[in-house]
Amino acid sequence: MTKEIIVGTAHSKTPGVTKGELKIGESPDGNAINAPVVIVQGASDGPVVWLHGCVHGNEYCGTYIIHEFLGTLDPARLKGTVVAIPVLNVTAFQKKLRMSPFEGYNGGDLNRQFPGDKGGTLTQQMAYALYQPLKKYADVLIDFHTALTPDVRWALFPKGTGKVAETSEKIARAFGYRDTLPTPDTLLAGSAMMTAARDGIASFIVECGGKVRAFTDESVTDAAERLNNALRALEMLEGDVTDYGALNYFSSFEWVTAKQGGLFERFVQCGDTVEEGTEIGRYFDMHGNERGKATAPKAGIVLAIHPGPIMASGETLIHIGLEPKQVRA
Ligand SMILES: [Zn+2]
């Protein structure tokens, strides 16, 4: 049985691929700000998986992963439906910025504004426009983000009990990024993931690669295959589910900003284990003289680290996953 799914101008009524646009706001010239929509309705029944990228406008890796995935998705073999918004925060995307250049309030972080507000700031209106159809149709949300460098690979799902947490964890295991955060509800308020989970939608965040062009073709291909594996685990696609082995679940994370500025050379990679005090990089002055060591403030797994080569004080130095623990399915 087919279903009718309407997202903006994309009206999907029968199996196949339908494309259109979702209006998420208006720019100062009065024109619509439109996000692209692709609906792939499968030949038989199944869940609706919602994918979106570029909630943060300069996190382009997710857009490429979604395109790669859609490029091989055959509606005849699909049970259920995929709704994809490869680029959400369009005005930020155009300017290679994290947040919309037209947003003046609340910091403008779209991933802290869900479920949005129809009468709020531009970013709140964008969140509202996106979240209405998401809430109406989605059984599963997968949200793609990036951090600072090409070697970023980690994931998050909402921690809890019950069906939503169970399905979210199943997706995390099938995606199989080793470093994964079962996210307590004290973290990431207003994110699409935590908001959707509260509304009964299984959800998952992928962190792959870095901002702008800081990602590789290999990471895109790999993530698209892991996404296929998640759909196999959800029984939306045929085929064996790859077992990526034990995951490192951590309890929380900590962002640390740089106390000093200078030329910066990093000594650790994403995924490395650090102890409190491990030297993670070194600062140099404009003459090339060493002017200090950067050390890990806590023990854990490196989720993200500043790429250098230059850093002002107050920039994000490191993002650490705390208390990692190996957990098997
Ligand atoms: Zn992001």
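Right above here is the structure, for reference.
We now turn to the structure provided with this report. Since we're looking at a predicted model, the values are computed, not measured.

So, about the packing of aromatic side chains. Pairs of aromatic rings are described using the distance from one ring centre to the other and the angle between the two planes. Evaluation of the coordinates by the stated rule reveals nine aromatic pairs. Taking 6.2 Å as the distance between ring centres and 55° as the angle between the ring planes, the aromatic pair formed by Phe 114 and Tyr 131 counts as tilted. Here Phe 114 is found in the loop between helix H2 (90–94) and helix H3 (122–137), whereas its partner Tyr 131 is found in helix H3, with 17 residues between them in sequence. You can call Phe 114 buried: its relative accessible area is 5%. Lying over the aromatic face of Phe 215, Arg 213 brings its terminal NZ or CZ to 4.3 Å of the ring centre. The cationic tip of Arg 226 hangs over the ring face of Tyr 244; the distance from NZ or CZ to the ring centre is 4.3 Å.

Our next topic: the coordination of the zinc ion. Donor atoms from the polypeptide that bind the zinc ion are His 56 (ND1), Glu 59 (OE), Glu 59 (OE) and His 145 (ND1), placed at 2.0 to 2.6 Å. Binding-site remark: the zinc ion is held by donors from one chain whose sequence spacing is H-x2-E-x85-H. With Glu 59 in the loop between strand S5 (44–53) and helix H1 (61–71) and His 145 in strand S7 (residues 140–147), this pair connects stretches of sequence that are 86 residues apart. Residue class for Glu 59 comes out buried when judged on its relative accessible area of 2%.

Conventions and cut-offs
- Residues numbered from 1 in each chain as written.
- Predicted model: local features only at pLDDT ≥ 70, side-chain atom pairs only at ≥ 80, totals over all residues.
- Heavy atoms only, no water.
- Phe/Tyr/Trp six-rings, centres within 6.5 Å; stacked < 30°, edge-to-face > 60°.
- Helix = DSSP H or I, 4+ residues; strand = E, 2+ residues; numbered from the N terminus.
- Buried < 20%, exposed > 50% of the residue type's maximum accessible area, 1.4 Å probe, protein only.
- Lys NZ or Arg CZ within 6 Å of the ring centre and 35° of its normal.
- Donors = N, O, S within 2.8 Å, 3.2 Å for Na, K, Ca; no water.

Everything listed here is a matter of coordinates, which is why it stays silent on function.
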